[in-house]
Amino acid sequence: MTHLNAFSRSQQAKIKMVERVAKGVLVSSSLFLLLVLVLATLPKIESAQYKMGVCNVTETKLITDPDKRLQCHCTKRNSNTKCTIYYPCLQIYVYYNNISVSEALVVKNRRRIHEECSYKLRDYDCKTTDDVYRHVEGFRERWGLLHSLYECYYTSRNPTRVILTNRAPSTALAVTLTLLPSVGIVIGLLMICLKERICGLIMLRKRLGVNEDLVSLATTASDDED
């Protein structure tokens, strides 16, 4: 009876061990899948909604109204206090190969699709007022010269905006990164569902190993007697 109780306790311990490993695989795979969805799969799906077109610049506006101007935060030299630099809102309008829309506003990428200005300065480029205006003018000269042509991307979901870049992971990379954690989740679920069988196989293998050791010892003892 004591032997059976010890065997039962050992079996329960093995089952709990298998369950802990399965939960670890399941949680880590789920977190990795969530990360892949955010960084690779969803951007790829969103990118696929955009089509390449040719944009023709029709108008450039530099809005200096206090209510519509933009601002960036800079750090003063030799000081921990922050400063704020205000600069005008640059708007670049284009025609593109969607005849249902008269004009569309140019924005840099998909993250800025709902903004009202074509260019927004990043804080680490915000140093002095002259630097800020130089960045704005550089963007205008590159993308806002009247009647200039360049490739752009548009979507029927928001035809009044076009973007300049449409970067996303390749399809093969997105699929591969999505499949790997998905397989891990399946393995974790199977381990949880089949934990008793897995435990039984572990203990069976352990018993077979013990029996093989006993046979080996018996054979060795028999040879010594001879």
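Residues numbered from 1 in each chain as written. Predicted model: local features only at pLDDT ≥ 70, side-chain atom pairs only at ≥ 80, totals over all residues. Heavy atoms only, no water.

With that out of the way, let us pick up helix α2 (residues 129-143). Residue pairs spaced three or four apart in an α-helix point in one direction, given the helix's 3.6 residues per turn. In a regular helix each residue adds 1.5 Å, so 15 residues correspond to 21 Å; α2 covers 21 Å between its end C-alpha atoms and thus fits that length. What α2 keeps buried is the set D131, V132, V136, F139 and W143. Here the buried residues of α2 occupy an arc of 140° about the axis, which is enough to place them on one side. Facing away from the buried side of α2 by more than 90 degrees, the exposed set consists of D130 and R134. (Helix = DSSP H or I, 4+ residues; strand = E, 2+ residues; numbered from the N terminus. Expected span 1.5 Å × (residues − 1). Buried < 20%, exposed > 50% of the residue type's maximum accessible area, 1.4 Å probe, protein only. Arc of directions from axis to C-beta.)

Between the first and last C-alpha of helix α3 (residues 171-193) there are 33 Å, a value that for 23 residues agrees with the 33 Å anticipated at 1.5 Å per step. Residues of α3 that are buried: A174, T178, P181, G184, I185, G188 and M191.

This part is about the side chain of S29. Relative to the elements of secondary structure, S29 occurs in helix α1 (residues 2-48). Those residues in contact with S29 that lie beyond four places of it in its chain are P181, G184 and I185. (Contact = heavy atoms within 4.5 Å.)

With that out of the way, let us pick up the pairing of strand β5 (residues 104-107). Look at any regular strand and the pattern is simple: side chains alternate between the two faces of the sheet. Two elements, strand β4 (residues 89-95) and β5, share two bridges in a ladder whose sense is antiparallel. The residue bridging V94 from the neighbouring strand is A104, located in β5. Both β5 and strand β7 (residues 161-163) contribute to a ladder of three bridges, which runs parallel. Note on β7: the bridge partner recorded for V106 is V162. (Pairing = 2+ DSSP bridges.)

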